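Chain by chain, the residues:
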Amino acid sequence: VQLQASGGGLVQAGGSLRLSCAASGRTFSNYNMGWFRQAPGKDRECVAAISRSGNTTYYGNSVKGRFTISRDNAKNTVYLQVNSLKSEDTAVYYCAADRSTVLRTRVLAYGYWGQGTLVTVSS
């Protein structure tokens, strides 16, 4: 599956963005999807993940209550709504796909990655 992330940009603290990730090449609904981020000098981390059907979601502690992951299997797209942005949310955000039947959050569990989209939050 090929993944194309978009929607990043420069936003002021407290602002919002909606990131999108369009999938192509394989049956999108066969994959759990995750959003990861990597800030300069830091490890890549999972901020949110969603199961194949969309019924199960995961959020990292630092984004709970501010970020919302969703998917539209008819459009082969997964979204990440990011609200109440903070300077520490500045990072490159990646979408990724995992064929496991279990929703996972480890970086190495995901075999397919998009190219990343940069989110910069100014204070």
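Residues numbered from 1 in each chain as written. Predicted model: local features only at pLDDT ≥ 70, side-chain atom pairs only at ≥ 80, totals over all residues. Heavy atoms only, no water.

1. Examining the state of the cysteines
Counted according to the given criterion, the structure contains 1 disulfide. Between the sulfur of Cys 21 and that of Cys 95 lies a disulfide, 2.1 Å long from S to S. Measuring handedness by torsion sign, the sulfur bridge of Cys 21 and Cys 95 sits at about 65° and is right-handed. Of the two residues, Cys 21 is situated in strand S3 (residues 17–24) and Cys 95 in strand S9 (residues 91–98); the sequence distance between them amounts to 74 residues. For Cys 21, a relative accessible area of 0% gives the class buried. Given the relative accessible area of 0%, Cys 95 is considered buried. The structure places no disulfide on Cys 46, whose sulfur is separated from the nearest cysteine sulfur, that of Cys 95, by 12 Å. (Disulfide = S-S within 2.5 Å. Helix = DSSP H or I, 4+ residues; strand = E, 2+ residues; numbered from the N terminus. Buried < 20%, exposed > 50% of the residue type's maximum accessible area, 1.4 Å probe, protein only.)

2. Considerations on the pairing of strand S8 (residues 77–82)
For S8, the tally of buried residues reaches 5 of 6 residues, placing the bulk of the element in the interior. The pairing of S3 with S8 spans 6 bridges and is classified as antiparallel. Looking at the pairing, Ser 20 lines up with Tyr 79 of S8. Direction of pairing for strand S7 (residues 67–72) relative to S8: antiparallel, over a ladder of 6 bridges. By the bridge assignment, Ile 69 is partnered in S8 with Leu 80. The turn linking S7 back onto S8 is made up of 4 residues, and Asn 76 within it adopts a positive phi angle of 55°. (Pairing = 2+ DSSP bridges.)

Worth remembering: the numbers are spatial, not functional.
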